[in-house]
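Listed here are the chains, written in short residue letters.
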Amino acid sequence: MCAACAFVIGSCSTGAKTNENADGEVEKKQAVDTLGENDGRYVKIDSLEGLVAYYPQFSRIDLAMGVMPTKEDTAVVFCAAGAFTGTYLDEFKHTNIAGDHVSGGIRYEGYQCAVNTGCFAYYGGSEWEFAYGEHDRLLDKAAEKGGMAYSQVMMICNGEVKQDYRVNPKNTHDKNEFRALCELEGKLCVIDSDGFVLFKDFVASLAKAGVSNAIYMDMGEGWNYSWWRHSCGTAVEIHEIESGYTTNWVAFYK
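Fair warning: this is a prediction, and the values are worked out from it, not measured in the lab.

Asks: What is the right way to look at the sheet that holds strand β10 (residues 154-157) in this model?
Replies: In a beta sheet, neighbouring strands pair by backbone hydrogen bonds and run either parallel or antiparallel. Taking strand neighbours across the sheet as the criterion, the seven strands line up as β1-β2-β13-β12-β14-β10-β11 in an open arrangement whose pairing is antiparallel. Taken across any chain shown, the strands that pair with only one partner, and hence form the sheet edges, are β1 (43-48) and β11 (160-161). Across six bridges, the pairing between strand β12 (residues 179-184) and strand β13 (residues 187-193) is antiparallel. Along β13, the bridge assignment pairs Ala-180 with Ile-191. Against the sheet, helix α2 (residues 199-208) touches β2 (51-56), β10, β11, β12, β13 and β14 (211-216), its axis set at about 20° to β10.

Listed below in structure tokens is the structure:
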């Protein structure tokens, strides 16, 4: 089971946060900068229709594993969970990460997850690649180049919405806050839904915004804990509750 994907994926789920508050109103997340003006030195933020886009200004990307990058590591400008986590373990195991993955140029074997239809691989500099379907080539190339890669649900590839992202029919009426690693106008960014939405509507919003590639990033209460670095150097949390069971994070470094 994938610990934080109950609203989206059928074959891998354990539970998720409700989408309504005590008054029955749909909650809405907004990227509010409480520290004053952010000049985008480390992360540029853009508000799109129904979406919030974070553009990390990075020199490299890696897949951190086992321990989330600390806010005190000033080299990190943005980090968020990437691949699904299988189950709640008190110790880290690569086999508890959904799909094969690459970290620091080393390829590791994860567990087989039927909903992993794609992959994102970073090779260094401004060279990255998204793939739908068979993606062993990306994993091997990322390892060869000393880069990173993770397997996940591919929603959009080369401008085409993939209809087999395998939404669980029983969850199609549930809403959640969703996130994807995207390529938009040739730039790499992390895009969140601006509040609780249906998964299909999140994908539609990404397509409408002109996203050419989009691969899912693990969400759900605790798994959605993430942060970005303000231009003043302070780390800003996007969600406050942190899970002790998350296994991997896509980390952008300045």
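Next, the rest of the story.
Asks: In this structure, what is going on with the nonpolar core? I would like to understand it.
Replies: Nonpolar side chains in soluble globular proteins tend to end up buried together. Phe-78, Phe-120, Tyr-150, Leu-181 and Phe-252 are the most contacted members of the largest nonpolar core, which totals 30 residues. Core analysis: the next-biggest nonpolar cluster, separate from the first, contains 25 residues, Ala-98, Phe-178, Tyr-216 and Met-219 among them.

Asks: Sorry if this is basic, but what is going on with unusual backbone geometry here?
Replies: The phi angle of most residues is negative, glycine excepted, and most peptide bonds adopt the trans form. One non-glycine residue, Asn-158, lies in the positive phi region at around 55°. Mapping Asn-158 onto the fold places it in the loop between β10 and β11. One non-glycine residue, Glu-185, adopts positive backbone phi at about 55°. A residue is classified by how much of its surface remains accessible, and Glu-185, at 74% relative accessible area, is exposed.

The rules behind each value
- Residues numbered from 1 in each chain as written.
- Predicted model: local features only at pLDDT ≥ 70, side-chain atom pairs only at ≥ 80, totals over all residues.
- Heavy atoms only, no water.
- Pairing = 2+ DSSP bridges.
- Helix = DSSP H or I, 4+ residues; strand = E, 2+ residues; numbered from the N terminus.
- Contact = heavy atoms within 4.5 Å.
- Axes fitted to C-alpha atoms, helices over the stretch in contact; angles between N-to-C directions.
- Core = buried A, V, L, I, M, F, W, Y, C linked by side-chain atoms within 4.5 Å.
- Buried < 20%, exposed > 50% of the residue type's maximum accessible area, 1.4 Å probe, protein only.

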